[in-house]
Amino acid sequence: MAYLKELKVTFTRRRVDDDLLNRPVESPRHVYELFRDMQDEAKEKVIVLHLNPQLEVLSYEVAAIGTGRGALIEPVEIFRNAILARATTIIVVHNHPSGHCQPSVADIETADRLHALGELHQLLLQDFIIIGDGEFYSFREHSRF
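Residues numbered from 1 in each chain as written. Predicted model: local features only at pLDDT ≥ 70, side-chain atom pairs only at ≥ 80, totals over all residues. Heavy atoms only, no water.

## Concerning the overall build of the protein chain
In step 1: Regarding its fold elements, the protein chain presents 3 helices and 5 strands.
In step 2: Here the contacts in the protein chain between residues at least 6 apart in sequence split such that 65% fall between residues at least 24 apart.
In step 3: Summed over all atoms, the accessible surface of the protein chain reaches about 9200 Å², with 49% contributed by carbon and sulfur. (Helix = DSSP H or I, 4+ residues; strand = E, 2+ residues; numbered from the N terminus. Contact = heavy atoms within 4.5 Å. Areas by Shrake-Rupley, 256 points an atom, 1.4 Å probe, with all protein chains shown as cover.)

Here's what the structure looks like:
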């Protein structure tokens, strides 16, 4: 007799700032303002916002926590919970503990891969935002998509 593991997915509710709820994400600056505290993190952290067609936040998650020099971003980790949340688009936000917000080669490759996979699965990557000390870099604003 074979046994299968049952996948149990539990969504917990967390009280968040009212600025995040019931209004669309207006711009990359809006996302930066919501998550600017990430600039003080000693480790690279990756957050994924799950959005509906009106660009309202359905949920968000910390998808990865890395080291002071990088984080492993696996596409399956990025898209799994977005699909379960029935999101139509996502925004990936991460910090650079160095304080510089210019994208690295790894950032560009990851964003391109996530963008291509999102188009394939009709779960679009709306933006890939890097937070540095008092500044941010938006792939959408720099026409990278």
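From this point, the narrative continues.
## Here we look at the pattern of salt bridges
Close approach of charged atoms allows side chains of opposite charge to pair.
In step 1: Inspection of every chain in the model, using the stated rule, returns 4 salt bridges.
In step 2: Here E33 and R29 are joined by a salt bridge, their closest N and O atoms 3.5 Å apart. Note that E33 and R29 are positioned in helix α1 (residues 28-35) at a spacing of 4 residues, about one turn of the helix.
In step 3: We classify E33 as partly exposed; its relative accessible area is 38%.
In step 4: On the basis of relative accessible area, R29 is assigned to the partly exposed category, the value being 45%. (Salt bridge = Lys/Arg side-chain N within 4 Å of Asp/Glu carboxyl O. Buried < 20%, exposed > 50% of the residue type's maximum accessible area, 1.4 Å probe, protein only.)

## Examining a negative patch on the surface
In step 1: A cluster of acidic residues, D37, D40, D133 and E135, forms a negative patch at the surface.
In step 2: When you line up the elements, D37 lands in the loop between α1 and β1 (45-51). (Patch = residues over 30% accessible without salt bridge, like charges linked within 9 Å, V, L, I, M, F, W, Y side chains within 5 Å. Lys, Arg positive; Asp, Glu negative; His and termini not counted. Charge placed at Lys NZ, Arg CZ, Asp CG, Glu CD.)

## What about the nonpolar core?
In step 1: Grouped together as the largest cluster of nonpolar side chains are 20 residues, with contacts concentrated most on V46, I78, I90, V92, L114 and F128.
In step 2: Broken down by secondary-structure element, the contributors of at least two residues to this core are β1, β2 (57-65), α2 (75-84), β3 (89-95), α3 (105-121) and β4 (124-131). (Core = buried A, V, L, I, M, F, W, Y, C linked by side-chain atoms within 4.5 Å.)

## Describing the sheet that holds β1
The strands making up a sheet associate through hydrogen bonds between their backbones, and the pairing can be parallel or antiparallel.
In step 1: The mixed open sheet is built from 5 strands, whose spatial order is β2-β1-β3-β4-β5. Unpaired on one side and paired on the other, β2 and β5 (136-138) mark the two borders of the sheet. Strand-to-strand twist of the sheet, defined as the mean angle between neighbouring strand axes without regard to direction, takes the value 20 degrees.
In step 2: In this structure, β1 lies alongside β2, joined through 7 bridges in antiparallel fashion. (Pairing = 2+ DSSP bridges. Axes fitted to C-alpha atoms, helices over the stretch in contact; angles between N-to-C directions.)

## Some words on the pairing of β1
In step 1: Within β1, 7 of the 7 residues are buried, which leaves it mostly tucked inside the rest of the structure.
In step 2: Here β1 shows two buried faces, one formed by K45, I47, L49 and L51 and the other by V46, V48 and H50.
In step 3: Linking two consecutive strands that pair antiparallel, namely β1 and β2, is a turn of 5 residues; a positive phi of about 65 degrees is found at L55 within it.
In step 4: In this sheet, β3 lies alongside β1 in antiparallel orientation, the contact comprising 6 bridges. Note that in β3 the partner of I47 across the bridge is V93.

## Here we look at the packing of α2 against α3
In step 1: Here α2 crosses α3 at 40 degrees, and the two axes come no closer than 11 Å. When the axes of α2 and α3 are compared, the pair comes out oblique. Of the two possible hands of crossing, α2 and α3 adopt the one that is right-handed. Along the contact surface, α2 presents P75, I78 and F79, while α3 presents R113, L114, L117 and G118. (Parallel < 35°, antiparallel > 145°, perpendicular 65-115°, else oblique. Left-handed = near helix turned anticlockwise from the far one by under 90°.)

## Looking at the environment of E61
In step 1: Position of E61 relative to the elements: it lies in strand β2.
In step 2: Taking C-alpha positions, E61 is 6.8 Å from L49, a pair spaced 12 residues apart along the chain.
In step 3: At 3.5 Å, the side chain of E61 and the side chain of H50 are in polar contact. (Polar contact = N/O pair within 3.5 Å; in protein donor to acceptor, adjacent residues only side chain to side chain.)

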